[in-house]
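This is what each chain is made of:
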Amino acid sequence: MPIQIPPRSPRDQWLDLRDVLGLVAKTIEKIRYLRLKRELTEGVNPEVNVDKQVLISRMEELGFRREIVEALHDLDRRLYEAGKPLDFKGCMDIARTAYEELVEDAAKAASSKKKLPLPPERSGNFQPWNQLLMNAGVLTGDEGALSQKLYNFLSNVGAHRLGSALEHVRVAKAMVIELGMLVAGRVQSLTA
Amino acid sequence: MSLTVEDLEARIKLILSQTERYAKIYALRDPSFDFDYRTRQFDESSRTFPIAAPGDAQITNEQVFLLRTLYAQCDSKIQKSFPPALLGQLTLETAAVVVHSVIDIGHLSALGKALRERKLDPDIRTIIWYRVREKLAMEAHRFTADDLAELEALRAAEVKRIPKVRPPDPEDRVIF
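No experiment lies behind these values; they were computed from the predicted model shown.

(A) Expanded view of the overall build of chain A. A count of helices and strands for chain A gives seven helices and zero strands. Going from the N terminus to the C terminus, chain A shows its helices and strands as α-α-α-α-α-α-α. Buried residues in chain A amount to 34% of all 192 residues. Across chain A, every contact between residues at least 6 apart in sequence was considered, and the portion connecting residues at least 24 apart equals 72%.

Structure (structure tokens):
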């Protein structure tokens, strides 16, 4: 015999609504608290966060690997939780990886549009792809040199020291996002 | 896509015909974020539900995805008819998908208008607010400070709508 569940009374329905409204208030309060905490501990750069969203949408349109977007989100998550120099070093590693992979995918997209050959396998993680972006006209010589220097900075500060500082990570995040946005935007507007 | 408002309403209705009250909306990176609305509606663990970081939760619900796509493919004139057409289909079964979709397409204010102006029963209102809270917890980064202020004002107005009800007496409570 099926179990009959009695209908809930109107009073119970209103009590449920009151309960859930209480939870909404607590959730809004928690979000505001977390934002204030973030503002006080790491400072706010709303422009970079807006640009991050633009970069992500450009990468999605270009069909870049989903892992790069994940790495950018992961960077924010780790930065939020970081407290020690070794934590910041981990953030630098993620920033370097995200930039390296972004440049590789951008170079592949540019090579496909401009019918340029890909660099030989095992020819290096970053430099050949960066060079390909210059050859395809995505980056000028000066911009290519800046991109290479950014990668060197991310590698040196992130990998070759015992720890990094919050300032390093903030510079790294902002530069990866802004330069990444420039690269992705240029690849988007590239014509065959 | 050139659609008439009638075409749009028919498509929205068709998409929503495939949804359900307890529709799962997200795939989560961390399983500890997950909770089942059927069993954990108002327990203590849902009160301390964490706020997910960007990227922790991804919308995987097919109907939300289809409604967002439909909206993106409409021309700007028809897009104006989208929020009222969507909210016109608000029921106990569709509320989850309607709430997530209307916020995703950037029309939180249309949801507020429906809460203010329409005669919705408390069960639908409860589901709407439960899904608003889910969205807040899973995609807090989507909400600007102004959005949060708007939600707070809507919430305060909703609290005023609740009739003065007496909490259950201790003897009314079921002891397990």
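Still more to cover.
(B) The arrangement of the confidence of the model for chain A in detail. When the pLDDT values of chain A are averaged, the result is 84; 87% of them are 70 or greater. Looking over chain A, one finds the lowest element-wise mean pLDDT in helix α3 (residues 66-81) of chain A, namely 80, and the highest in helix α5 (residues 127-135) of chain A, namely 94.

(C) The interface of chain A and chain B, seen in detail. Taken together, the contact pairs 26 residues of chain A with 27 residues of chain B. Secondary structure elements with two or more residues in the side of chain A that touches chain B: α1 (10-42) and α3 of chain A. At 20 residues, the largest contribution of residues to the side of chain A that touches chain B is made by α1 of chain A.

(D) Looking closely at the packing of helix α4 (residues 85-114) of chain A against helix α7 (residues 166-189) of chain A. Residues and elements named next belong to chain A. Viewed as axis vectors pointing N to C, α4 and α7 meet at an angle of 10 degrees, and their least axial separation amounts to 10 Å. Put simply, α4 runs roughly parallel to α7. Contact residues: α4 offers Phe88, Cys91, Met92, Ala95, Ala98, Tyr99, Leu102, Val103, Ala106, Ala109 and Ala110, while α7 offers Leu166, His168, Val169, Ala172, Lys173, Val176, Gly180, Val183, Ala184 and Val187. A breakdown of the residues in the contact of α4 with α7 according to their chemical character gives 18 nonpolar, two polar and one charged.

(E) Representation of the nonpolar core. Counting residues in hydrophobic clusters, the biggest one holds 43 residues, and the most contacted among them are Val98, Val99, Leu111 and Trp129 of chain B. Within the residue set of this core, elements represented by two or more residues are α1 of chain A together with α1 (5-16), α3 (62-73), α4 (76-87), α5 (95-104), α6 (108-117), α7 (122-138) and α8 (145-161) of chain B. Ranked by the residues each element gives to this core, the list is headed by α7 of chain B, at eight residues. With sequence-adjacent residues up to four places away left out, Leu111 of chain B is seen in contact with Leu87, Val99, Val102 and Ile103 of chain B. Judged by nonpolar contacts, the second largest core, of 42 residues, contains Ile56, Ala110, Leu139 and Ile177 of chain A.

(F) Local environment of the environment of Met134 of chain A. Following the sequence through the fold, Met134 of chain A ends up in helix α5. Leaving out residues up to four positions away in the same chain, Met134 of chain A has contacts with Leu139, Gly141 and Gly144 of chain A.

(G) Seen up close, unusual backbone geometry. Notably, Lys115 of chain A is not glycine yet its phi reads approximately 55 degrees, a positive angle. A residue is classified by how many C-beta atoms lie within 10 Å of it, and Lys115 of chain A, with 8 of them, is exposed.

(H) Structural detail: the confidence of the model for chain B. Residues and elements named next belong to chain B. Summary statistics for chain B give a mean pLDDT of 83 and a share of 81% for residues scoring 70 or more. Ignoring residues within four places in sequence, the model shows residues 35-46, a span with pLDDT below 50, making 10 contacts including any to other chains. The ipTM assigned to the predicted complex is 0.83, against a pTM of 0.61.

About the thresholds
Residues numbered from 1 in each chain as written. Chains lettered and ligands numbered in written order. Predicted model: local features only at pLDDT ≥ 70, side-chain atom pairs only at ≥ 80, totals over all residues. Helix = DSSP H or I, 4+ residues; strand = E, 2+ residues; numbered from the N terminus. Buried ≥ 20, exposed ≤ 12 C-beta atoms within 10 Å, placed from the backbone. Contact = placed C-beta atoms within 7 Å. pLDDT = per-residue confidence, 0-100. Axes fitted to C-alpha atoms, helices over the stretch in contact; angles between N-to-C directions. Parallel < 35°, antiparallel > 145°, perpendicular 65-115°, else oblique. Nonpolar A, V, L, I, M, F, W, Y, C, P; charged D, E, K, R; others polar. Core = buried A, V, L, I, M, F, W, Y, C linked by C-beta atoms within 7 Å.

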